[in-house]
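The lines below spell out each chain.
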Amino acid sequence: MNKSLTLIVDDEPDIRELLEITLNRMNINTLCAENITIAKQLLIKNQFDLCLTDMKLPDGDGLDLVAFIQKSSTPIPVAVISAHGNMDIAIQAMKKGAFDFLSKPIDLTVLRQLVKNALKINLPSSLEKERRTRHILLGDSDLMREIRNKIEKVARSQAPVYISGESGSGKELVAKLIHQQSPRQSAPFIAVNCGAIPLELMESEFFGHKKGSFTGAVADKKGLFQAADGGTLFLDEVADLPLALQVKLLRAIQEKKIRPIGESQEIAINIRLLSATHKNLGQMVDKGEFRQDLYYRINVIELVTPPLRARPSDIPETASHLLSKLSIANHQVQPKLSTQALSALKQYHFPGNVRELENILERALALYDGSTIEVDDLNLPATSELPPVDSFNPTDLSLESYLEEIEKEALSKALEEHRWNKTATAKSLGLTFRSLRYRLKKLGLD
């Protein structure tokens, strides 16, 4: 098997020698250049697998080299080396397509891990990626084709990705697909809902702790960063992180190291960071509720998951897929959606996106009679029942909870009027007895 070949670009002889010795010991061949001019000549004459370049060079900067390599017919991973504390340039390089970054003074453990990660992306793939994601992230609309293509591109990088979009639009699914198409696909994918961890446990959950470091610490505990070692850490609802933890998260991203509670030594971490929220992080930064420097670090690449209402042509296929999944889970024969039912779904606003569509279909599956789901079986909320889009705040009350409260109030009132006679109540509401019984059980009124 041929050895990998890496191009090292740095004007400092000591740095070039350090990088060359380290990579040679990893059984990797190297060629060196002291400036961009020589580097470009070597790139034209040789087939490299990786490039390590300093940012500040005598005849330009590393960004020029990143751009040059990205424009080539066979681009290779480029890792930029930046001076300690000069993260802004490293972030700018990753926005332009750099694979990752290293800070000076160079930590050889971090360097070796970066090189291993970078060389993995040149291994041949056994499956064609867009075709594979096509069956997971459904839809043939331009919006969905675009996001699948973006997923394939960002999966090749180590740059932090910020996934924005409305609740229920598939942000975690996008994060999983990035991981599954990345060099880290065989390592753990650790997803955590930042809003679900009690404040007093957050630091321990993220960074771990040593036995006896605080009351209740009866054993050593690995944190989420260590659990995701070699893989991907996905921070869902990252907007819910308290400011105190945001500072420590920022340091972990920049230094690629963590310090468990009670530990005297820092531990090198090897993770790809993905984050998401349905909130507007930019507005939170303006209000002082989220650190601007952390926002800048996690938002190197942004992916926006489109709302379902923006791609109505994808609704029939998505609905069919969800009905198949629900029918199998309930041991039922999959019903069809009538033409009228499909039309109603395509015209509906879907504030809760795909998650709401699944809830609607799950309810319809329990209520329909015959072999076809009709419009009435969907029980789509009337426009007047929904809160104004601008005033609706999902953080105060989820759409599903909001609708359940309305339904619960209406059913309770009807039951009281008919002295809890369920047959009479169902008739007055225009429901079948089976439908009423299902609703009462779901809402805890039976």
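Worth saying up front: this structure is predicted, and the values here are computed from it rather than measured.

**Quick word on the overall build of the protein chain**
Phase 1: If you tally the helices and strands in the protein chain, you get 20 helices and 16 strands.
Phase 2: Judged by the C-alpha coordinates and their principal axes, the protein chain covers about 90 × 55 × 40 Å.
Phase 3: Relative to its full complement of 446 residues, the protein chain shows a buried share of 46%.
Phase 4: With the model as given, the accessible surface of the protein chain reaches about 22,500 Å², and the carbon-plus-sulfur share is 49%.
Phase 5: Of the side-chain charges in the protein chain, 56 are positive and 58 negative, and the distance between the mean point of each set is 4 Å.

**Regarding the sheet that holds strand β10 (residues 232-236)**
Phase 1: The sheet built from five strands is open, its strands ordered β9-β10-β13-β8-β14 with parallel pairing. A strand with exactly one partner marks an edge of an open sheet, and here the two such strands are β9 (189-193) and β14 (301-304). Adjacent strand axes in the sheet meet at a mean angle of 20°, parallel and antiparallel pairs treated alike.
Phase 2: Of the strand pairs in this sheet, strand β8 (residues 161-164) and strand β13 (residues 272-277) are connected by four bridges, and their pairing is parallel. By the bridge assignment for β13, Ile 163 is matched with Ala 276.
Phase 3: Against the sheet, helix α8 (residues 171-180) engages β8, β9, β10, β13 and β14, with an angle of about 150° to β8.

**Quick look at the pairing of strand β6 (residues 78-82)**
Phase 1: In terms of residue burial, β6 counts as a mostly covered element, since five of its five residues are buried.
Phase 2: Both faces of β6 are covered, namely the face carrying Val 78, Val 80 and Ser 82 and the face carrying Ala 79 and Ile 81.
Phase 3: One ladder, built from four bridges, connects strand β3 (residues 50-54) with β6; its direction is parallel. Looking at the pairing, Thr 53 lines up with Val 80 of β6.
Phase 4: Pairing between β6 and strand β7 (residues 100-103): four bridges, direction parallel. The partner of Ser 82 across the bridge, within β7, is Ser 103.

**Side note on the confidence of the model for the protein chain**
Phase 1: Considering every residue of the protein chain, the mean pLDDT works out to 86; 90% of them sit at 70 or more.
Phase 2: Low pLDDT, under 50, characterises residues 123-131; the predicted model gives this stretch six contacts beyond four residues in sequence or across chains.
Phase 3: Taken together, the stretch residues 384-398 has pLDDT below 50 and engages in 19 contacts with residues farther than four places along the chain or on a different chain.

**Here's the deal with the side chain of His 209**
Phase 1: For His 209, the position within the fold is in the loop between α9 (202-207) and α10 (224-227).
Phase 2: Looking at His 209, the relative accessible area reads 9%, which means it is buried.
Phase 3: A polar atom in the side chain of His 209 sits 3.3 Å from the backbone oxygen of Ala 219.
Phase 4: The contacts of His 209, once residues within four sequence positions are left out, are Ser 204, Phe 214, Ala 217, Ala 219, Asp 220, Lys 221, Pro 260 and Ile 261.

**Some remarks on the packing of helix α2 (residues 36-45) against helix α3 (residues 62-70)**
Phase 1: With their axes 11 Å apart at the nearest point, α2 and α3 run at an angle of 20° to one another. In terms of their interaxial angle, α2 and α3 are classed as roughly parallel. Where α2 crosses over α3, the two elements pack in a sense that is right-handed. Residues Ile 36, Ala 39, Lys 40, Leu 43 and Ile 44 of α2 touch α3, and the partners they reach there are Asp 64, Leu 65, Phe 68 and Ile 69.

**Overview of the sheet that holds β6**
Phase 1: In spatial order, the strands read β2-β1-β3-β6-β7; together these five strands make up an open sheet with parallel pairing. Single-partner strands in this sheet number two, and they are β2 (29-33) and β7. Between one strand axis and the next, the sheet turns by 20° as a mean value, whatever way the strands run.
Phase 2: Bridge analysis of strand β1 (residues 5-9) against β2 gives five bridges, and the strand direction is parallel. When the sheet's bridge partners are listed, Ile 8 is paired in β2 with Cys 32.

**Details of the pairing of β1**
Phase 1: Among the five residues that make up β1, five are buried, leaving the element largely enclosed by the rest of the structure.
Phase 2: Burial of β1 is two-sided: the residues Leu 5, Leu 7 and Val 9 facing one way and the residues Thr 6 and Ile 8 facing the other way are all buried.
Phase 3: Tracing the backbone out of β1, into helix α1 (residues 13-25) and back to the parallel element β2 gives a crossover that is right-handed.
Phase 4: With four bridges connecting them, β1 and β3 associate as parallel partners. Looking across to β3, one finds that Leu 7 is bridged to Cys 51.

Conventions used here
- Each chain has its residues counted from 1, running along the sequence as written.
- At least 70 in pLDDT is required for a residue's local features to be given in this predicted model, at least 80 for side-chain atom pairs to be given and counted, and no such filter applies to totals for whole chains, interfaces and linings, which use all residues.
- The side-chain numbers reported here are obtained from all heavy atoms of the structure, hydrogens and water having been left aside.
- Secondary structure elements are taken from DSSP: a helix is a run of H or I of four residues or more, a strand is a run of E of two residues or more, and numbering for both begins at the N terminus.
- Burial here depends on accessible area, computed with a 1.4 Å probe over protein chains only, as a share of the maximum for the residue type. Under 20% is buried, over 50% is exposed, and the range in between is partly exposed.
- Method for areas: the Shrake-Rupley scheme with a 1.4 Å probe, in which residue coverage is limited to the protein chains shown.
- By the counting scheme adopted, Arg and Lys are positive, Glu and Asp are negative, and His together with the chain ends is not counted.
- By convention, the charge on Lys lies at NZ, on Arg at CZ, on Asp at CG and on Glu at CD.
- Pairing between two strands requires that DSSP report at least two bridges joining them.
- Note on geometry: axes are C-alpha line fits, over the in-contact stretch for helices, and angles between N-to-C directions span 0 to 180 degrees.
- Note on contacts: a residue pair qualifies if any of its non-hydrogen atoms lie within 4.5 Å across the two residues.
- On a scale of 0 to 100, pLDDT captures the predictor's confidence in every residue.
- Between N or O atoms, a polar contact is any pair within 3.5 Å; within protein, one atom must be a potential hydrogen donor and the other a potential acceptor, and residues adjacent in sequence are included only when both atoms are from side chains.
- By the definition adopted for this analysis, an angle is roughly parallel if under 35 degrees, roughly antiparallel if over 145, roughly perpendicular if from 65 to 115, and oblique otherwise.
- For a crossing to be left-handed, the near helix must be turned anticlockwise from the far one by less than a right angle; the clockwise case is right-handed.
- Viewed with both strands pointing away, a crossover whose connecting path from the first strand over the helix to the second turns clockwise is right-handed.

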